[in-house]
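An overview of the molecular structure
Spelled out, the chains give:
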Amino acid sequence: MPTLRGRQKGATFGKSSPSWIGCVPGTRLPRILCIMTILLDGPIAFLRGAILTLLVTAPLAAQTPAAAPAQLPADDAIRIREFYRLAAEVQDRIWPLWSATPAPLLLVTSETEFLTHHPAPPPDFKKVAEDFYARPRHFPTNLLATFPAFGPPSVIVIGEPANTDAKTSTPWLFVVLHEHFHQLQNAQPGNFKATEDLGLARGDTSGMWMLNYPFPYGDAALGRAFAHLRDTLLAALREPDAAKFAALAAEYKAERKQFLAQLAPDDRKYLSFQIWQEGIARYTQVVAAEAAAGYRPTAEYAALPDASPFATYGQEMRAQTLEALKHVELATAQRVAVYPFGCAEGFLLDRLDPKWKDGYFRHPFTLDPFFE
Ligand SMILES: [Zn+2]
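Please read these numbers as outputs of a predicted model, since none were measured by experiment.

Each helix and strand in the protein chain was counted, giving 12 helices and 8 strands. Residue burial in the protein chain is summarised as follows: out of 372 residues, 45% are buried.

The following block contains the structure:
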């Protein structure tokens, strides 16, 4: 696994270990869900557990056909090439040295899976094009996941746009960047051990605790407190005047502390972990789209029937995220609430301290130090 240097050098993560993060949309779970499975065993048992978890959280994959691998569909090849081109242009403007993180990707199509940018494609993959390897499909076609499917490094495992919540090519590219950010999180030295040290698994070795942790979402008083905190956050973000913004941000910090103080210690750790991991992944997805406003796609990408312009997509996504946050209730959204909420905290931090990201990996699993 890569060791990040420079600003992330002082990370408090310990020794490097495998872990995986995934997002499984369109399953029996309500919306895009991102899960992270960490097993305590070695890579082989770990991988078994990861696949088991996928199969219980997503529709079962079709039985693996024995047919020879198909060729990569031309539109998929164009999108994947565009992803790497786009990532190269924007990633280090958002997270320093992000480009040092390997970005292997497995595209899941109806019959075939295509692997690219992987340092050592497993033997069941056959080369079908330059840096593309294929095998019969194993994973669900609607998968959105990042995990070391073949051992480290973590692999983005994703379906074609029409089969995922992204639906079309341009949103899909930024979902892939969201997953690529999980690769950056996973690549931090000691990510696995640090997650284990949270002590939240309570005997679960499948990683499902990350979805199923019994956070008190339904607590009415907590729900009201969350709604108030959410509204204070939105009010601060809406304020253009610097002095008024500073006052609202100070109010937000105080309310945030009060809100977190009423949580049991493990509940607080869990919520902080989710905000750090998924909220900031969503934030990264939005700011990457904004950073790509001036991006000029290749002619082949622009000619795709479902390609939409980059110029305004980031702005639209920010507005949609904040609009969604307005209506988020803890009792109904449950864990999914952390996506727009944590994303909005990232927006707030950008205004409070443009250098906040320098400390993100030094403070794993909590944004608390930035709100002191
Ligand atoms: Zn995610």
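Structure's up, so let's keep going.
This part is about the environment of Ala344. Looking at where Ala344 falls in the secondary structure, it is placed in helix H12 (residues 338–352). The class of Ala344 is buried, set by 25 C-beta atoms lying within 10 Å. Along the primary structure Ala344 and Arg318 are separated by 26 residues, whereas in three dimensions their C-alpha atoms are 8.9 Å apart. Not counting residues up to four positions away in its chain, the partners in contact with Ala344 are Leu233, Leu237, Leu322 and Leu325.

As a further point, take the packing of helix H6 (residues 220–238) against helix H7 (residues 242–261). One way to put it is that H6 packs onto H7 with a least axis distance of 9 Å and a crossing angle of 160°. On the basis of the axis angle, H6 is roughly antiparallel to H7. In this structure, H6 meets H7 at a crossing whose hand is left-handed. Note on element contacts: H7 touches H6 through Phe245, Leu248, Ala249, Glu251, Tyr252, Glu255, Arg256 and Phe259, opposite Ala225, Phe226, His228, Leu229, Thr232, Leu233, Ala235 and Ala236. The residue inventory of the contact of H6 with H7, partitioned by class, reads 11 nonpolar, 2 polar and 3 charged.

Time to look at helix H3 (residues 169–186). An ideal rise of 1.5 Å per residue puts 26 Å on 18 residues; H3 measures up with 25 Å between its terminal C-alpha atoms. The buried fraction of H3 amounts to 18 of the 18 residues, a majority that puts the element mostly inside the structure.

With 79 residues, the main nonpolar core has Leu106, Val157 and Ile158 as its most contacted residues. Here this core gets 12 residues from one element, more than from any other, and that element is helix H8 (residues 265–291). When near neighbours in sequence (up to four residues on either side) are disregarded, Val157 contacts Leu106, Val108, Phe139, Leu143, Ala145 and Ala149.

Next up on the list: the pairing of strand S6 (residues 132–136). Both strand S4 (residues 112–116) and S6 contribute to a ladder of 5 bridges, which runs antiparallel. Across the sheet, residue Thr116 finds its bridge partner in S6, namely Phe132. Of the pairings in the sheet, the one linking strand S5 (residues 126–129) to S6 comprises 3 bridges and is antiparallel in character. Considered in S6, the bridge of Ala129 is made with Phe132.

The subject of this paragraph is the environment of Ala288. Structurally, Ala288 can be placed in helix H8. Sequence separation of Ala288 and Gln91 is 197 residues, and the distance between their C-alpha atoms is 7.2 Å. Leave out the neighbours within four places in its chain, and Ala288 touches Val90, Ile94, Phe174 and Leu177.

Looking now at the pairing of strand S8 (residues 155–159). The element S8 is largely enclosed, with a buried count of 5 among its 5 residues. Across the two faces of S8 the burial is the same, with Val155, Val157 and Gly159 and Ile156 and Ile158 all buried. Pairing geometry for strand S7 (residues 144–147) and S8, over 4 bridges, is antiparallel. Note on S8: the bridge partner recorded for Thr146 is Ile156.

Next up on the list: the confidence of the model for the protein chain. On average, the protein chain scores 85 in pLDDT, and the residues at 70 or more come to 81%. Every residue in residues 1–65 scores below 50 in pLDDT, and together they form 157 contacts with partners more than four places removed in sequence or on other chains.

Right, let's get into unusual backbone geometry. Along the chain, Pro152 connects to Pro153 via a cis peptide bond; the corresponding omega equals 0°. Examined against the element boundaries, Pro153 turns out to sit in the loop between S7 and S8. Within the chain, Leu97 stands out as a residue other than glycine whose phi angle is a positive 70°. In this structure, Asp131 is a non-glycine residue whose phi angle is positive, near 60°. Checked against the element boundaries, Asp131 lands in the loop between S5 and S6.

Turning to the packing of helix H10 (residues 313–326) against H12, a few remarks are in order. It is at 9 Å that the axes of H10 and H12 come closest, and there the two elements cross at 120°. By the angle between their directions, the pair H10 and H12 is classed as oblique. The two elements H10 and H12 cross, and the hand of that crossing is left-handed. Listed contacts from H12 to Thr321, Leu322, Ala324 and Leu325 of H10 are Pro340, Phe341, Cys343 and Ala344.

The periodicity of an α-helix, 3.6 residues per turn, causes residues three or four positions apart to be oriented the same way. Its 15 residues give H12 an end-to-end C-alpha distance of 20 Å, which sits within 8% of 21 Å, the value for a rise of 1.5 Å per residue. Extensive coverage of H12 is indicated by the burial of 11 of its 15 residues. Those residues of H12 that fall on the buried side of the exposure criterion are Val338, Tyr339, Pro340, Phe341, Gly342, Cys343, Ala344, Glu345, Gly346, Leu348 and Leu349. Those residues of H12 hidden inside the fold are in contact with H6, H7, H8 and H10.

Inspection of the secondary structure assignment puts Leu237 in helix H6. Taking the number of C-beta atoms within 10 Å as the measure of exposure, Leu237 has 20 and is therefore buried. Along the primary structure Leu237 and Ala249 are separated by 12 residues, whereas in three dimensions their C-alpha atoms are 8.5 Å apart. Excluding anything up to four places from it in sequence, Leu237 contacts Leu322, Ala344, Phe347 and Leu348.

The rules behind these values
Per-chain numbering applies: the sequence of each chain, read as written, is numbered from 1 onward. Side-chain atom pairs in this predicted model are given and counted only at pLDDT of 80 or more, local residue features only at pLDDT of at least 70, and totals for whole chains, interfaces and linings cover all residues. Where helices and strands are cited, they refer to DSSP runs of H or I of at least four residues and of E of at least two residues respectively, numbered from the N terminus. To assign burial, the other C-beta atoms lying within 10 Å of each residue's own C-beta are counted, with C-beta atoms placed from the backbone; 20 or more indicates buried, 12 or fewer indicates exposed, and intermediate counts indicate partly exposed. Remark: residues whose backbone-derived C-beta atoms lie within 7 Å of one another are considered to be in contact. Inter-axis angles, ranging from 0 to 180 degrees, are taken between N-to-C directions of lines fitted to C-alpha atoms, where helices are fitted over the stretch in contact. Our angle categories are set so that under 35 degrees counts as roughly parallel, over 145 as roughly antiparallel, 65 to 115 as roughly perpendicular, and the remainder as oblique. Helix crossings get a hand from a simple test, with the near helix turned counterclockwise from the far one by less than a right angle marking a left-handed crossing and a clockwise turn marking a right-handed one. Only Asp, Glu, Lys and Arg are considered charged, only Ala, Val, Leu, Ile, Met, Phe, Trp, Tyr, Cys and Pro nonpolar, and every remaining residue, Gly among them, polar. A helix is expected to span 1.5 Å multiplied by its residue count minus one. When buried Ala, Val, Leu, Ile, Met, Phe, Trp, Tyr and Cys residues are joined through C-beta atoms within 7 Å, the set is termed a nonpolar core. Whether two strands pair comes down to DSSP finding at least two bridges between them. By definition, pLDDT measures how confident the predictor is in each residue, and it falls between 0 and 100.

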